[in-house]
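So you can see what is in the structure, the chains are spelled out below.
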Amino acid sequence: MGIGELDREAHVPEVTGAGAAPRTLAEALRARGDEGLAALLRARPDLLSPVPNDLTQLATRAGTRGSVVRALERLDRFALQTAEALAVAPDPAPYPVLLALLTGDEGGPEIEAALPGAVAALREQALVWGEDDRLRLVRTARELLAPSAQHPSPTGLGPTVAEATAGMSPGRVQEIIATAGLTATHDPVSAVAALTELFTDRARMGALLDEASPEALSVLDRLVWGPPYGEVTANPAPPVQWLRDRGLLLPVSARTMVLPREVALHLRGGRAHRAPEPVAPVVGVAREYRPQVVDSTAAGQAYATLATVEELLKSWHQGGPQVLRAGGMAVRDLKRTATALDVTEQLAAFWLELCFGAGLLASDGEADERYAPTPAYDDWLDLPPAERWARLVAPWLMATRVAGLVGGADAKGRTLAALGPDLDRAPAPEVRHRVLELLATLPPGAAADPETLFARLRWERPLRGTTQAGPPRPTTGTGTATRGAAASEDAPTATPDASVPDPGLPTDLRSRLARWTLAEAELLGLTGRGALAAPARALLNLPLAEAAAPADHGGRVELSVAAGRAATLLAPLLPEAVDHVLLQADLTAVAPGPLRRPLADALAVLADVESKGGATVYRFTPGSVRRALDSGRSASDLHDFLTAHSRTPVPQPLAYLIDDVARKHGHLRIGAASAYVRCDDDTVLGEILADKRSAALGLRRLAPTVLAAQTDPASLLEGLRSMGYAPAAESAEGDVLITRADAYRTPARTAPVPVPDGPPAPDTTLLGAAVKAIRAGDRAATAVRKEPATPVTAAGGLPRTSAAETLATVQAAAMTGSAVWIGYVNAEGTASQRVIAPVRVEGGFVTGYDHTADEVRTYPLHRITGVAELADDQV
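Per chain, the residues get numbers from 1 upward, laid out in the order the sequence is written. For this predicted model, a pLDDT threshold of at least 70 governs which residues receive local features, and a threshold of 80 or more governs which side-chain atom pairs are given and counted, while totals over whole chains, interfaces and linings are taken from all residues. Only hydrogens and water are set aside when side-chain values are computed; all heavy atoms of the structure are taken into account.

Caption draft 1: Representation of the nonpolar core. With 93 residues, the main nonpolar core has Leu29, Leu41, Phe199 and Leu248 as its most contacted residues. Only DSSP runs of H or I reaching four residues or more are called helices, and only runs of E reaching two or more are called strands; each is numbered from the N terminus. With eight residues, the single largest contributor to this core is helix H5 (residues 77–88). Should any heavy atoms of two residues lie within 4.5 Å, those residues are counted as being in contact. Setting aside residues up to four positions removed in sequence, Phe199 forms contacts with Val161, Met205, Leu208, Arg246, Gly247, Leu248, Glu262, Val263 and His266. Counting 74 residues, the second largest nonpolar core, distinct from the first, contains Ala302, Leu312, Met329 and Leu383. Residue types Ala, Val, Leu, Ile, Met, Phe, Trp, Tyr and Cys, when buried and joined through side-chain atoms within 4.5 Å, form a set referred to as a nonpolar core. Categorising residues by exposure relies on relative accessible area from a 1.4 Å probe, with only protein chains included: less than 20% of the type maximum marks a residue as buried, more than 50% marks it as exposed, and the intermediate range marks it as partly exposed.

Caption draft 2: Just the pattern of salt bridges, in detail. By definition, a salt bridge exists where a carboxyl oxygen of Asp or Glu is found within 4 Å of a side-chain nitrogen of Lys or Arg. The tally for this structure, following the rule as stated, stands at 32 salt bridges. Salt-bridge contacts for Arg142 lead to Asp91; the nearest nitrogen and oxygen are separated by 3.7 Å. Taken as a pair, Arg142 in helix H8 (residues 139–145) and Asp91 in the loop between H5 and helix H6 (95–103) lie far apart in primary sequence, 51 residues in all. When the shortest N-O distance is used, the salt bridge between Glu451 and Arg515 registers 2.9 Å. With Glu451 in helix H22 (residues 450–460) and Arg515 in helix H23 (residues 509–524), this pair connects stretches of sequence that are 64 residues apart.

Caption draft 3: Highlighting the sheet that holds strand S12 (residues 582–584). Overall, antiparallel pairing links the four strands, which are arranged S12-S13-S15-S14 in an open sheet. Each end of this open sheet is capped by a strand with a single partner; those strands are S12 and strand S14 (608–611). On average, each strand axis in the sheet is tilted by 30° relative to the strand beside it, whichever way the strands run. Summarising the sheet, S12 and strand S13 (residues 588–591) pair through three bridges and their orientation is antiparallel. What sits directly across from Gln584, in S13, is Thr588. Strand pairing follows a simple DSSP-based rule, namely that at least 2 bridges must link the two strands. Angles shown run from 0 to 180 degrees and are taken between the N-to-C directions of axes, each axis being a line fitted to C-alpha atoms and, for helices, limited to the stretch in contact.

Caption draft 4: Quick look at the side chain of Arg77. Structurally, the position occupied by Arg77 is in helix H5. In protein, a polar contact means a hydrogen-donor-capable atom and an acceptor-capable atom, both N or O and within 3.5 Å, with residues adjacent in sequence counting only if both atoms are side-chain atoms; elsewhere, any N or O pair within 3.5 Å suffices. Only 3.3 Å separates the side chain of Arg77 from the side chain of Glu277, close enough to count as a polar contact. Among the polar contacts listed, one links the side chain of Arg77 to the backbone oxygen of Arg458, at a separation of 3.4 Å.

Caption draft 5: How the structure looks around the sheet that holds strand S3 (residues 229–231). Read from one edge to the other, the open sheet built from three strands follows the order S3-S5-S4, with strand pairing classed as antiparallel. Single-partner strands in this sheet number two, and they are S3 and strand S4 (250–251).

Caption draft 6: Broad picture of the packing of helix H16 (residues 291–314) against H23. At a minimum axis separation of 6 Å, H16 and H23 run at an interaxial angle of 85°. Considering the angle they form, H16 stands roughly perpendicular to H23. Contacts between H16 and H23 involve Gln301, Ala302 and Thr305 from the first element and Glu522, Leu523 and Leu524 from the second. Comment on the angle field: the value is read as roughly parallel under 35 degrees, roughly antiparallel over 145, roughly perpendicular from 65 to 115, and oblique elsewhere.

Caption draft 7: Expanded view of the confidence of the model for the protein. Confidence of the predictor at the level of single residues is given by pLDDT, which spans 0 to 100. Looking at the protein as a whole, its pLDDT mean stands at 83, while 87% of the residues score no less than 70. Segment residues 1–18: pLDDT under 50, and 35 contacts once partners within four positions in sequence are set aside and those in other chains are kept. In this model, residues 789–796 is a region of pLDDT below 50 whose contacts with residues beyond four sequence positions or in other chains number eight contacts.

Caption draft 8: Spotlight on the environment of Val810. Considering the arrangement of structural elements, one finds Val810 in helix H33 (residues 803–816). Taking the relative accessible area as the measure of exposure, Val810 reaches 0% and is therefore buried. Excluding residues that lie within four positions of it along the chain, Val810 makes contacts with Pro838, Val841, Val846, Leu861 and Val867.

Printed below as a string of structure tokens:
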């Protein structure tokens with residue numbers, strides 16, 4: 001594959017000697033140890049897909065635009081500011097020059113202390129290479145960060161004098177030289193150099209600006225921090241004309257002027273950035289609580305989470321709302337769900353996405369596709385409460401689906417639906433982890449100040465989730481003829497450093513994800529009153545006794561093990577489940593705590609929940625009793641159930657209610673004709689026909705005890721129940737159909753798979769193997785070969801020798817134990833070059849140790865294009 005201009009810095013045919021300064025990025029990587037290469041591949045895992053053949057290919061790949069953009073997005077603010085300063089510095093830049101661009105004339109102890117670490121981080125990620133006296137930014141990074149008319153620099157600086165005068169006529173350059181008081185020269189290059197020297201000389205530049213009027217200085221003040229461009233007319237105002245004549249403003253086009261970089265740096269006091277940020281913002285403490293209060297509050301929220309999930313999925317036992325054709329729930333169905341849960345629509349979307357992400361909810365895949373609980377929901381219900389909680393929060397922590405986006409619009413203006421597509425955001429898991437880890441750095445029981453936490457996140461990843469600005473638009477009014485000197489008031493206003501965040505509410509994706517994370521963590525019980533709870537620390541594999549720095553992601557234990565530890569810590573904090581209720585004479589039952597699973601399921605069928613809180617109140621109604629009878633229970637079963645689980649005697653009104661409903665239950669029978677009603681008492685059927693409310697059912701008498709209907713059995717059941725009857729459905733054989741609340745489930749479904757945020761981080765084993773393979777390939781690629789006695793042709797860089805010469809050379813190498821360089825074409829037609837040490841040649845095959853693959857391999861002789869001996873110092 002050919003190498004373009006972009007990759008030129010990665011290539012050089014020779015290898016520098018020991019101790020020599022590297023001339024290319026490939027040489028700089030070659031000088032690294034194995035740990036250094038492993039650190040590069042760990043920081044930039046995209047370089048491993050696939051594993052590079054050698055260090056030259058690794059350097060080339062590290063300089064591609066996509067890879068460099070990903071690496072820049074993962075820099076913290078100060079490392080990014082360091083790279084931006086290098087982009088406007090001379091190439092190469094000595095370390096003192098870089099330091100001066102960041103500290104300016106006033107200096108900065110914090111910057112001086114932090115800069116070596118920032119340069120080391122850039123070197124580790126192969127964005128910067130070279131010794132301290134010749135620091136070089138990778139070409140692609142310089143192109144991305146350097147200022148231009150089409151791509152503004154985050155520093156707010158413009159082009160250099162040499163760049164701005166590149167298309168200027170020599171006569172105009174001489175006019176500027178003369179007006180500035182410099183010696184005239186007929187060489188445009190020396191003239192530009194003299195002007196640059198003037199602008200970089202602090203004393204002479206200060207004397208020149210002392211001659212400027214206040215209006216001219218005001219124009220410069222408006223441009224100094226960027227954008228450095230402004231529009232002018234053919235007859236600019238005197239202050240602007242004075243600046244143009246002396247080269248303090250240089251023309252970019254007929255209507256646009258620019259402030260040269262050297263002039264801006266002088267006005268800034270030598271600083272490339274308005275506000276360098278060498279130190280990460282400290283996460284502030286909003287309020288402190290006792291850790292026990294935090295844990296108990298979080299446990300209460302965790303219990304409420306379990307209750308909400310059960311209530312939501314229980315209401316969908318017979319099938320939930322339909323799936324939209326484009327996927328997801330309709331807005332009206334989301335509103336119904338929110339009303340049923342007594343929450344906002346946004347909060348209802350969160351609970352739906354939580355169940356979906358945990359694999360408890362899915363679509364059934366039928367022709368009339370609907371949402372319903374999955375079989376995993378039944379297994380989830382059988383777990384202890386703490387383990388059920390862990391099964392919810394662990395998938396939430398790793399999910400890329402973002403409930404907070406529901407109700408917004410996608411790139412095409414379409415509304416994003418709950419449970420629908422396009423809700424995945426790859427950075428979500430990393431943001432959730434980081435928010436919780438930052439909370440863990442505070443003392444136990446301390447709630448973070450949200451704004452300082454968001455500021456810290458923006459400092460750590462200033463480019464993640466932000467929208468890149470377009471090219472700078474020249475602002476108007478730098479000099480209009482009608483306004484004269486007052487035109488300087490309309491000069492471009494100063495624009496803040498692009499790397500400084502807007503102090504208002506954050507609108508970038510990363511900050512919104514952080515806000516949603518704080519709210520969702522409180523709902524789930526990971527935090528209590530804004531402070532991190534002990535179970536959440538266990539989930540993150542963090543120390544529990546005291547605040548500590550975030551754990552290394554590479555050393556994080558398996559999430560399932562951490563979730564088990566979190567459940568163990570949460571279990572003692574949850575309320576004890578009870579196995580009894582208190583029946584009252586007003587047809588209600590009070591549960592003094594969370595009910596054990598069999599009792600809770602049975603009571604949910606027999607009664608309706610009236611209120612929740614510390615104690616749950618259930619109400620018995622004719623409809624709820626009929627529901628229990630429909631599930632296959634008899635009146636005596638219900639009496640025995642209440643007697644066994646009530647600490648108070650069964651009230652007489654409740655006993656009468658059960659007996660009365662049971663006496664009527666099943667008296668009417670409904671089956672499929674399309675539907676029919678039969679009853680042994682023909683007077684009851686006569687009452688139904690005479691009732692005006694039955695007109696919509698289309699009933700007619702077929703026999704004294706049978707009515708036929710023009711509606712389906714389900715609608716007929718509902719219609720007669722709304723009229724006050726208690727019909728029962730029957731099968732074709734005449735048996736009563738028993739319906740259960742948990743009868744409908746989707747087929748087995750897997751939880752949605754998170755969308756990866758780039759290639760996965762490689763483990764230690766993969767890194768070691770990759771470094772070993774790259775080293776071996778590099779040794780083969782850089783091995784020095786002997787010049788053959790007779791010229792050989794090389795097609796595609798592979799040696800070409802005759803079959804006899806190839807056989808003789810490898811046989812000789814096998815006898816002497818030396819290594820040779822071969823060209824090889826595999827069965828797929830892929831050509832490669834390798835260094836092998838032959839040990840056996842027989843049967844048309846050569847077997848030897850392949851230095852490139854670092855293993856013993858066998859090659860067919862007819863696939864070897866040619867062979868060459870290595871130089872004596874390479875053997």
